[in-house]
Amino acid sequence: MHPDATSPSHRIARVAAHLNPTRPQRAQMEEGAALRPAACRAKGGAPGFKVAVVGAAGGIGQSLSLLMKMNPLVSVLHLYDVVNTPGVTADVSHMDTSAVVRGFIGQQQLEAALTGMDLVIIPAGLPRKPGMTRDDLFNKNAGIVRSICEGVAKSCPNAIVNLISNPVNSTVPIAAEVFKRAGTYCPKRLLGVTTLDVARANTFVAEVLGVDPREVNVPVVGGHAGVTILPLLSQVSPPCSFTPDEISYLTNRIQNGGTEVVEAKAGAGSATLSMAFAAAKFADACLRGMRGDAGIVECSYVASEVTELPFFASKVRLGRGGAEEILPLGPLNDFERAGLEKAKKELSESIQKGVSFMNK
Ligand SMILES: NC(=O)C1=CN([C@@H]2O[C@H](COP(=O)(O)OP(=O)(O)OC[C@H]3O[C@@H](n4cnc5c(N)ncnc54)[C@H](O)[C@@H]3O)[C@@H](O)[C@H]2O)C=CC1
Ligand SMILES: O=C([O-])CC(=O)C(=O)O
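The chain carries the name Malate dehydrogenase in an unreviewed UniProt entry, which gives Triticum turgidum subsp. durum as its organism. According to its UniProt record, the chain has this under Sequence similarities (unreviewed entry): "Belongs to the LDH/MDH superfamily. MDH type 1 family." Checking UniProt for the chain, the heading Subunit (unreviewed entry) contains the comment "Homodimer."

Some words on the pattern of salt bridges
The tally for this structure, following the rule as stated, stands at 14 salt bridges. Arg214 is paired through a salt bridge with Asp212; the nearest N and O atoms lie 2.6 Å apart. Note on Asp212: relative accessible area 24%, which makes it partly exposed. A salt bridge links Lys344 to Glu341; the shortest N-O distance between them is 3.4 Å. With a gap of 3 residues between them, Lys344 and Glu341 both fall in helix 12 (residues 334-359), about one helical turn apart. Residue Lys344 is classed as buried on the basis of its relative accessible area of 11%. Salt bridges linked by common partners bring Glu207, Arg253 and Glu260 together as one network.

Overview of the nonpolar core
Counting 46 residues, the largest nonpolar core has Leu114, Val120, Ile122, Ile174, Phe179 and Tyr301 as the members making the most contacts within it. When residues of this core are traced back to their parent elements, those giving at least two are strand 1 (49-54), helix 5 (110-114), strand 4 (119-122), helix 6 (138-155), strand 5 (160-163), helix 7 (168-182), strand 10 (311-319) and helix 12.

Concerning the UniProt feature "domain: Lactate/malate dehydrogenase C-terminal" (unreviewed entry) in the chain
Here the UniProt-annotated "domain: Lactate/malate dehydrogenase C-terminal" (unreviewed entry) positions come out as residues 194-357. Secondary structure content for residues 194-357 is 48% helix and 17% strand, while the C-alpha to C-alpha distance between its ends is 22 Å.

Points about the site of ligand 1
Neighbouring residues of ligand 1: 30 residues in total, closest Gly59, Ile60, Asp81, Leu126 and Asn166. Note that an oxygen atom of ligand 1 is positioned 2.6 Å from one of the side-chain N or O atoms of Asp81. Between ligand 1 and Val193 there is a distance of 3.2 Å, counted from a nitrogen atom to a backbone nitrogen or oxygen. When ligand 1 sits alone it has 860 Å² of accessible area, and the protein chains cover 87% of it. Of all the secondary structure elements, the ones that give two or more residues to the shell around ligand 1 are helix 3 (59-69), strand 2 (74-81) and helix 6.

Focus on the pairing of strand 10
On any regular strand, side chains alternate: one points to one face of the sheet, the next to the other face. Along strand 10, 7 of the 9 residues are buried, which leaves the element largely enclosed by surrounding structure. Taken together, the 8 bridges between strand 9 (residues 296-303) and strand 10 define a ladder with antiparallel strand orientation. Its bridge partner being in strand 10, Glu298 is matched across the sheet by Val316. Pairing of strand 10 with strand 11 (residues 322-326) involves 4 bridges; the strand directions are antiparallel. In the strand pairing of strand 11, Arg317 is matched with Glu325.

Side note on the packing of aromatic side chains
Counted according to the given criterion, the structure contains 2 aromatic pairs. Look at Phe138 and Phe357: their rings are 5.7 Å apart centre to centre, the planes differ by 90 degrees, and that puts the pair in the edge-to-face class. On the criterion of sequence distance, the pair formed by Phe138 in helix 6 and Phe357 in helix 12 is long-range, its members being 219 residues apart. For the ring pair Tyr301 and Phe311, a centre distance of 6.2 Å and an interplane angle of 40 degrees mean the geometry is tilted. Note that Tyr301 is positioned in strand 9 and Phe311 in strand 10, a separation of 10 residues in sequence. A relative accessible area of 6% places Phe311 in the buried class. Taking NZ or CZ as reference, Lys353 lies 4.8 Å from the ring centre of Phe138, over its face.

Thresholds, definitions, all that
- Residues numbered from 1 in each chain as written.
- Chains lettered and ligands numbered in written order.
- Predicted model: local features only at pLDDT ≥ 70, side-chain atom pairs only at ≥ 80, totals over all residues.
- Heavy atoms only, no water.
- UniProt positions renumbered as here; feature names shortened; annotations may be inferred.
- Salt bridge = Lys/Arg side-chain N within 4 Å of Asp/Glu carboxyl O.
- Buried < 20%, exposed > 50% of the residue type's maximum accessible area, 1.4 Å probe, protein only.
- Helix = DSSP H or I, 4+ residues; strand = E, 2+ residues; numbered from the N terminus.
- Core = buried A, V, L, I, M, F, W, Y, C linked by side-chain atoms within 4.5 Å.
- Near = heavy atom within 4 Å.
- Polar contact = N/O pair within 3.5 Å; in protein donor to acceptor, adjacent residues only side chain to side chain.
- Areas by Shrake-Rupley, 256 points an atom, 1.4 Å probe, with all protein chains shown as cover.
- Pairing = 2+ DSSP bridges.
- Phe/Tyr/Trp six-rings, centres within 6.5 Å; stacked < 30°, edge-to-face > 60°.
- Lys NZ or Arg CZ within 6 Å of the ring centre and 35° of its normal.

Below, the structure is given as structure tokens:
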């Protein structure tokens, strides 16, 4: 270190260099040094988890980065994207919450972004436009998820992964194959994020019942696309009953919630704000589980033996190692049993598509 490195004038120079980097300093950043405000004084290692958001400059990524910066369980927040991370990082880093924020841009900085992370949240990849299914995103997003997961396997093989990129029904099997090949696969640590389906189900059911959505909990199982999204309206907490018309309306609206937003946005993307909210809620549940809190149960799309399919969304108990326990589906009524058969047929094809992509 320079003899004057800790002198006030030197510290100010470092801050100034970050705000307006010279050409060599910028080159250094591009070679792998984190894009971060030069810390004026070393911070005393606040306890907490190290979390990375991959796809941090996107519609979901920006709001999610903001929400994770607000989470007191996060001590270090790494923001990675292939574009625009410097601006998002500078912006989020001015929030006076405790997490230290660092930005990373481009493939050559993926390793630095992921090294040492406890939790990696992945909202990277293309969103839908009207008329598309989530599966129509497969060709673009499969490769993006593969390369990010290769980075996870290399740089933070023990991290818990929250995978948001669509089509989730296929991207989670892709991630599993990547980790298997790298010899780092632990099914408990790979969680597909389906929390938005639960948030929508709680909201729409609460509207019908005329109650506060925070008091409602609807298990949503299966997967994250169309008929694979199976709300278990017979298991709503607190217990309640619905007319056949209400069941039909609610099931349809929950299964098509994503399309409702895609159409309302009319070409400007898909759900970002509600998704960031849902992802932040799920990440917080994972972090509380990792901390050792008891009784944390959320729905998630995970490796599962609940059905004959290798992956399935259902309630899982989150703990120190991720999805510690996959809870059974519980009793289904005839309508839900019929829905389950439809869901399994489509899910099976989506899972196979993900696995085949990796075997090509
Ligand atoms: N699981 C769920 O419930 C939901 C999933 N999604 C999915 O989340 C994904 C992201 O959606 P939006 O944020 O709206 O899209 P967006 O296009 O606004 O943002 C995506 C970001 O990913 C970045 N990106 C692309 N390739 C990357 C790579 N190799 N590494 C890192 N970052 C990369 C882009 O630069 C962009 O900033 C989409 O696939 C969307 O379908 C969206 C809503 C709900
Ligand atoms: O519908 C989409 O494409 C985005 C998504 O997964 C959702 O909003 O549930």
